[in-house]
Amino acid sequence: MTLRYQTLPVTPFQQNCSLLWCDETNEAALIDPGGELPRLLAAVAERGLTLKAIWLTHAHIDHAGAAGQLAREHSLPIVGPHPGDQFWIDGLPQQSAMFGFPAAEGFKPTRWLADGDTVTLGRETLQVRHCPGHTPGHVVFHAPQIERCFVGDVLFAGSIGRTDFPGGDHATLIASITQRLWPMGDETVFIPGHGPESSFGRERRSNPHVLGT
């Protein structure tokens, strides 16, 4: 097993930024760097990793707020999300003011993602699934080789993502969970955007928001 990760909750929203790396090459990516860049960069340095990319599940401020600055200061590509989140990216400065975050730099993703795409890190490849509902352009990163999925705000332990923001849709979110996440397998552990890890099987059996799906 060469793919490893560390969860680093950041911002007052306690958003789970994931530091992901290939053990063979020490190449790393940060998934959803919402803020607290000095802390995130310290974690990269502490493990002797080389940061190669920023991956975004979606463009809400607590997930993408520091992406522009990090990309600019360290010449990193921003990979993701899906183009459906363009309006959220455009609105990052307004989001930062609304929620009391440090001013967010605008950015243009180096690469947009679509359902069925893959992303690579060192010698490892992850699969991309487009999972709209929380936001129109939300994607998840599936690493079947370690039975893990980084799901952003699609699904939580005991809950699901909010759908009352612009572009959100409850029925679409449920379809994303049942048609895109459940087929990854009951044993797959997911890293949500907030809160503790769980497994798809556990949520399928006990999550009140998706029982019977």
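Structural data are supplied above this passage.
As a starting point, this report considers the structure included with it. Nothing here was measured: the structure is a model prediction, and the numbers come from that model.

## Observations concerning the pairing of strand β7 (residues 124–130)
- Because side chains alternate across β7, one face comprises the buried residues E124, L126, V128 and H130, and the other comprises T125, Q127 and R129, none of which is buried.
- Relative to β7, strand β6 (residues 118–121) is paired through 4 bridges, and the arrangement is antiparallel. Note on β7: the bridge partner recorded for L121 is E124.
- Remark: 2 residues form the turn of the hairpin made by β6 and β7, two consecutive strands paired antiparallel; G122 in that turn has positive phi of roughly 60 degrees.

## Remarks on a nonpolar patch on the surface
- On the surface, F13, M98 and F99 cluster together into a nonpolar patch covering about 310 Å² of accessible area.
- By the secondary structure assignment, M98 is in helix α5 (residues 92–99).
- Residue classification places M98 among the exposed residues on the basis of a relative accessible area of 63%.

## Some points on the nonpolar core
- With 30 residues, the main nonpolar core has L19, I54 and F107 as its most contacted residues.
- For this core, the element with the most residues is helix α1 (residues 37–46), which contributes 4 residues.
- One finds A29, L113, V128 and I191 within the second-largest nonpolar core, a separate group that totals 18 residues.

## Considering the sheet that holds strand β13 (residues 198–199)
- Within the open sheet, the 6 strands sit side by side as β6-β7-β8-β9-β12-β13. Their pairing is mixed. With one partner strand each, in any of the chains shown, β6 and β13 form the two edges of the open sheet.
- In this sheet, strand β8 (residues 139–143) lies alongside β7 in antiparallel orientation, the contact comprising 4 bridges. The residue of β8 that forms the bridge with V128 is F141.

## Quick look at the environment of T135
- Checked against the element boundaries, T135 lands in the loop between β7 and β8.
- Look at T135 and you get buried, because its relative accessible area is 0%.
- Measuring from C-alpha to C-alpha, the distance between T135 and F200 comes to 20 Å, with 65 residues separating the pair along the chain.
- Of note is the side chain of T135, whose polar atom sits 3.3 Å from the backbone nitrogen of H138.

## Quick word on the environment of T7
- The residue T7 is located in strand β1 (residues 3–10) in this model.
- What makes T7 partly exposed here is its relative accessible area of 29%.
- Counting along the chain gives 53 residues from T7 to H60, while the straight-line C-alpha distance between them is 18 Å.
- Beyond its immediate stretch of four places on either side in the chain, T7 contacts N16, C17, S18, I191 and E197.

## Remarks on the environment of C22
- For C22, the location among the structural elements is in strand β2 (residues 15–22).
- Given the relative accessible area of 0%, C22 is considered buried.
- For the pair C22 and L3, spaced 19 residues apart in sequence, the C-alpha separation works out to 4.7 Å.

## Some remarks on the layout of surface pockets
- Taken as a whole, the largest pocket holds about 350 Å³ of empty space.
- Along its surface, the largest pocket is lined by 20 residues, and F13, H60, D62, F99 and F165 are the ones closest to its centre.
- Ranked by the residues each element gives to the lining of the largest pocket, the list is headed by α5, at 4 residues.
- Classifying every residue of the lining of the largest pocket gives 10 nonpolar, 7 polar and 3 charged.
- Space inside the second largest pocket adds up to approximately 230 Å³.
- In terms of lining residues, the second largest pocket is bounded by 16 residues, among which G34, G35, E36, A66 and P102 are the most central.
- In the lining of the second largest pocket, the residues fall into 8 nonpolar, 6 polar and 2 charged.

Calculation rules
Residues numbered from 1 in each chain as written. Predicted model: local features only at pLDDT ≥ 70, side-chain atom pairs only at ≥ 80, totals over all residues. Heavy atoms only, no water. Buried < 20%, exposed > 50% of the residue type's maximum accessible area, 1.4 Å probe, protein only. Helix = DSSP H or I, 4+ residues; strand = E, 2+ residues; numbered from the N terminus. Pairing = 2+ DSSP bridges. Patch = residues over 30% accessible without salt bridge, like charges linked within 9 Å, V, L, I, M, F, W, Y side chains within 5 Å. Areas by Shrake-Rupley, 256 points an atom, 1.4 Å probe, with all protein chains shown as cover. Salt bridge = Lys/Arg side-chain N within 4 Å of Asp/Glu carboxyl O. Core = buried A, V, L, I, M, F, W, Y, C linked by side-chain atoms within 4.5 Å. Polar contact = N/O pair within 3.5 Å; in protein donor to acceptor, adjacent residues only side chain to side chain. Contact = heavy atoms within 4.5 Å. 1 Å grid on protein atoms, 1.4 Å probe; cavity = no way out; pocket = protein on both sides within 12 Å on 5 of 7 lines; lining within 4 Å. Points joined across faces, edges and corners; volume = space filled by probe spheres on them. Nonpolar A, V, L, I, M, F, W, Y, C, P; charged D, E, K, R; others polar.

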